[in-house]
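# A look at the structure
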Amino acid sequence: MQTPTLFALLLLLVLIAYGTGFSRAAAAARGRGGMRKLAALPSYYGTHTALWCGLPALLLLAVWLMFDEPIIRALVMNGIADMPDTMAGRDLLYAQIQNQAAGNFFGEATPQVKEAAERLTHLRGGAQLLQTAMVLILSLGLGAFAMLRFSPKLRAREKVEKVFRVILIGCASAAILTTVGILLSVLFESLRFFQSVPVTEFLFGLQWSPQMALRADQVGSSGAFGAVPLFTGTLMVSAIAMFVAVPVGLMSAIYLAEYAGKRLRAVAKPVLEVLAGVPTVVYGFFAALTVAPFVREAAAAVGLQASSESALAAGLVMGVMIIPFVSSLSDDVINAVPQSMRDGALGLGSTHSETVRKVVIPAALPGIVGGVLLAVSRAIGETMIVVMAAGLAANLTANPLDSVTTVTVQIVTLLVGDQEFDSPKTLAAFALGLMLFVSTLILNFIALHVVKKYREQYD
Amino acid sequence: MNTMTLDATGYSEPANPQTVEKKTVDSQTKVGETVGAPFCDNAKLKMRNVNVFYSETQAIHDVSLDIGRNEVVAMIGPSGCGKSTFLRCLNRMNDTIDGCRVEGDFTLDGDPIYGPKVDVVPLRARVGMVFQKPNPFPKSIYENVAYGPKIHGIASRRAELDEIVENSLRRAGLWNEVKDRLDKPGTGLSGGQQQRLCIARAIAVSPEVILMDEPCSALDPIATARIEELIDELRENYTIAIVTHSMQQAARVSQRTAYFHLGHLVEVNDTETVFTNPQHELTEAYITGRFG
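From a predicted model like this one, the values you see are computed outputs, not experimental measurements.

Along the backbone of chain A there are 15 helices and two strands. For 459 residues, the compact-globule formula gives about 23 Å, and the C-alpha radius of gyration of chain A, at 31 Å, lies well above that figure. In terms of overall dimensions, chain A has a C-alpha envelope of 80 × 80 × 35 Å along the principal axes.

What follows concerns the UniProt feature "transmembrane region" (unreviewed entry) in chain A. As recorded in UniProt, the sites labelled "transmembrane region" (unreviewed entry) are residues 49-67, 129-151, 163-186, 230-259, 271-292, 312-338, 359-380 and 427-451 of chain A. For residues 271-292 of chain A, the end-to-end C-alpha separation is 25 Å, with 91% helix and 0% strand making up the annotated structure.

Here we come to the UniProt feature "domain: ABC transporter" (unreviewed entry) in chain B. UniProt's feature table lists "domain: ABC transporter" (unreviewed entry) at residues 45-287 of chain B, given in the numbering used throughout. Along residues 45-287 of chain B the backbone is 37% helical and 27% strand, and the end-to-end C-alpha distance reaches 26 Å.

Across the contact, 19 residues belong to chain A and 24 residues belong to chain B. The set of elements that each furnish at least two residues to the side of chain A that touches chain B consists of helix H11 (339-347) and helix H12 (352-381) of chain A. Examining the composition of the side of chain A that touches chain B, we find that six residues originate from one element, H11 of chain A, more than from any other.

Residue and element names in this part refer to chain A. By the secondary structure assignment, Phe 188 is in helix H5 (residues 156-196). Assessed through the 11 C-beta atoms surrounding it within 10 Å, Phe 188 is described here as exposed. Sequence-wise, Phe 188 and Leu 129 are 59 residues apart; in three dimensions their C-alpha atoms are separated by 41 Å.

Under the present numbering, the feature "domain: ABC transmembrane type-1" (unreviewed entry) in UniProt falls on residues 231-447 of chain A. The span residues 231-447 of chain A carries 79% helix and 0% strand; its end-to-end C-alpha distance comes to 20 Å.

Further remarks concern the sheet that holds strand E12 (residues 256-261) of chain B. Residue and element names in this part refer to chain B. Taking strand neighbours across the sheet as the criterion, the seven strands line up as E3-E13-E12-E6-E11-E10-E9 in an open arrangement whose pairing is mixed. Only two strands of the sheet have a single partner each, and these edge strands are strand E3 (35-36) and strand E9 (127-130). As paired strands, strand E10 (residues 209-213) and strand E11 (residues 239-243) are joined by five bridges and run parallel to one another. Of the residues in E11, the one forming a bridge with Ile 210 is Ile 240. Sheet contacts for helix H7 (residues 191-203): E9 and E10; angle to E9, the most-contacted strand, approximately 170°.

Residues and elements named next belong to chain B. Reading across the sheet, the four strands line up as E5-E4-E7-E8 and stay open at both edges, with antiparallel pairing between neighbours. Among the strands making up the open sheet, the edge pair consists of strand E5 (57-68) and strand E8 (111-112). Here strand E4 (residues 43-54) runs beside E5; their pairing, made up of eight bridges, is antiparallel. From the neighbouring strand, Leu 45 faces E5, where its bridge partner is Ile 67.

Bringing the pairing of E4 of chain B into the picture now. Residues and elements named next belong to chain B. Taking the residues between adjacent antiparallel strands as the criterion, E4 and E5 are bridged by two residues, where Ser 55 takes a positive phi near 50°. Both E4 and strand E7 (residues 100-108) contribute to a ladder of eight bridges, which runs antiparallel. The residue bridging Leu 45 from the neighbouring strand is Leu 108, located in E7.

Further remarks concern the nonpolar core. All names here are of chain A. Counting 162 residues, the largest nonpolar core has Ala 287, Ala 314, Val 317, Ile 385 and Ala 389 as its most contacted members. Sort the elements by how many residues they give to this core and helix H10 (residues 311-336) lands first, with 16 residues. Each residue touching Ala 287, except ones within four places of it in the same chain, is listed here: Ala 292, Ala 313, Ala 314, Val 317, Ile 385, Met 388 and Ala 389. Formed by 16 residues, the second largest nonpolar core is a distinct cluster that contains Tyr 18, Ala 25, Tyr 44 and Ala 156.

Residue and element names in this part refer to chain B. Of all five residues in E10, five are buried, a share of seventy percent or more. The alternating pattern of E10 places Val 209, Leu 211 and Asp 213 on one face and Ile 210 and Met 212 on the opposite face, and all of these are buried. Inspection of the sheet shows E9 paired to E10 by four bridges, in the parallel sense. Bridge pairing in E10 places Val 127 opposite Val 209. For the handedness criterion, the β-α-β arrangement of E10, helix H8 (residues 221-234) and E11 is classed as right-handed.

Our next topic: the environment of Asp 68 of chain A. Residue and element names in this part refer to chain A. Tracing the backbone through its elements, the reader meets Asp 68 in helix H2 (residues 42-78). Classification of Asp 68 by C-beta neighbours within 10 Å gives partly exposed; the count is 17. Sequence-wise, Asp 68 and Ala 300 are 232 residues apart; in three dimensions their C-alpha atoms are separated by 67 Å.

Quick look at the confidence of the model for chain B now. Residues and elements named next belong to chain B. Counting all residues, the mean pLDDT for chain B is 85, and 89% of those residues have values of 70 or more. Every residue in residues 1-24 scores below 50 in pLDDT, and together they form 35 contacts with partners more than four places removed in sequence or on other chains. Here the complex is predicted with pTM 0.74, and the ipTM for its interfaces comes to 0.82.

Residue and element names in this part refer to chain A. For the pair H2 and helix H4 (residues 111-148), the least separation of the axes is 9 Å and the interaxial angle reads 165°. Taken together, the axis directions place H2 and H4 in an arrangement best described as roughly antiparallel. As for how H2 packs across H4, the hand of that crossing is right-handed.

The next thing to look at is unusual backbone geometry. Residue and element names in this part refer to chain B. Even without glycine at this site, Arg 92 takes up a positive phi of about 60°. Among the structural elements, Arg 92 can be located in the loop between helix H2 (83-89) and E7. Positive phi values are uncommon outside glycine, yet Leu 262 reaches one of about 50°. Structurally, Leu 262 is set in the loop between E12 and strand E13 (264-270). Overall, the presence of 16 C-beta atoms within 10 Å leaves Leu 262 in the partly exposed class.

Definitions and cut-offs
Residues numbered from 1 in each chain as written. Chains lettered and ligands numbered in written order. Predicted model: local features only at pLDDT ≥ 70, side-chain atom pairs only at ≥ 80, totals over all residues. Helix = DSSP H or I, 4+ residues; strand = E, 2+ residues; numbered from the N terminus. Rg over C-alpha atoms; globule rule 2.2 N^0.38 Å. UniProt positions renumbered as here; feature names shortened; annotations may be inferred. Contact = placed C-beta atoms within 7 Å. Buried ≥ 20, exposed ≤ 12 C-beta atoms within 10 Å, placed from the backbone. Pairing = 2+ DSSP bridges. Axes fitted to C-alpha atoms, helices over the stretch in contact; angles between N-to-C directions. Core = buried A, V, L, I, M, F, W, Y, C linked by C-beta atoms within 7 Å. Right-handed = clockwise from strand over helix to strand, strands pointing away. pLDDT = per-residue confidence, 0-100. Parallel < 35°, antiparallel > 145°, perpendicular 65-115°, else oblique. Left-handed = near helix turned anticlockwise from the far one by under 90°.

Here's what the structure looks like:
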């Protein structure tokens, strides 16, 4: 039986097990005169049976799927007489065998491959049969075992809750483990990068020109991996974006939460949130085709020289993109400030604006800072707008009318196209990623401390 | 009318319960005109023919009442009878509620409270308010008290502000408890201390009238007793209107008591008269605990 079919069958079994457990418990309850006589509600008995029936079988299936390919491969390759020496050669040979077995081998296969392919097909068939049998036996056996163990005194709820707690812990750790995994993979690749480029050059170098020679005699064979221009570019674009997004977002939030009527609010808030739903590519070409030329002409009108792709254009559009993050979150936290705070301030003779400025906003500040932080991380991580509107030139400049580039944009350009994954050029992307990760981490850390310190708790 | 005795707790019982039970008193009983003495000679606040509507529902029906200078007026009545609504009219806190409409004449020392030319901000500085649930701002104790003087520009120098804060906290009976931790958050105080902080915050702007909306309902008996003492002391300088669910409290702190019933002002009289010799059968039914 194919794995998906087996999976579906297993699900069906689980449903049946639930139904059986449920009805058994319900019948037992009727026989004894009411639910109170059972140690748990029938749905818990159902879930209990279903878990016995489904969970171990599912785990077996998962483990099987993880390990059957490597085992089959080892068995197939064992029988081969003249084994290639290199890893790559073995991979190639096995790929040939697989293709032969699947029937899409080009050209004439060697007898050795043909024979191995037959063995592969044979082994796979056997494995499939064994898998189906074991999973079904486990499922039915444990399901029956659970039914046999049924008694009205069985504390089904406690057992079910224990299992679900383990499942919850598993889900929580999956997210954490993924983060750790990403961090480690980025870290190791970065370490490889730092073997060819010194850390100090990467951190403090002022030149970014990530070229590596393919041949020793190539022109321009020396690359420069100084990340400073990228980080200044990122900082500048993000700063411009925050300069737009924070005041506009915060003030629109204040208007919506404190001044706007109910009906206006009901319309305006979703419309503002639509901004967050516009794909960043659309923002990107809006920035490149509309805002950037406008910035250039405006600069020319006041006698300044602006490049056609400028940090200002990208930052402005990115700021607009981020407005809903700031405004929507701030609006929520402002609304969460209890009415009694406002009443207290108004009752002392504050004007509406004094109430907002001196009582409501300070009370909502932790949440507002949270919203702004989220916006900052969006700004730092944003790529598309910058690719299209700010350019690719790694200029070290403080002039927002110049074209700049950001860390994320460089990561993209380093990894786009055909690349060797062991050249410093591609590994540089991981080092940049690591830097980005670390700096946002530090940013979050600082902000958390600031918020904790200046938090004004209301209760 | 029965003769009543006022016992030590201020809770009164009819001398002859049997006579009372003969009367059928329920929420259908006619209210009629306000009985007793709603008006006084030395009035600080005058309210005439007040009607309040929440959208279509009428919450207050034609209430007229005076609140005298340096007097504590208690407003009692069953839940939903409109006493809080009425109290909130006096410094226009009802303005913040959507769909609330207030009719009638209100004057504070002859100055109108409602009207197109009246600025609500100075009005609320003259008529302060203490709320049911202590609502200190999430700021330090000092900043809580200094908030009002700051926004009204009462104190120009730091020393003056310090003085106002200290005086207000002293008058609220909180100074000794908090003088060493003025920079700690006001929300960290106990419930009773928070409420006294709110009172200090209200008197820091030197209002003429203080409105209290069930100021002790969230407090334990000891904190309640402390605040009641405080109300009695504050009477020397301020006019106080207090809404309370506790008849003992009304009896203890007030000079006059107003009994509200379903949006009508049923009876106003000297507190002693209301609790010993109520003129209206609804008042009597309420204070003897037969409904409410």
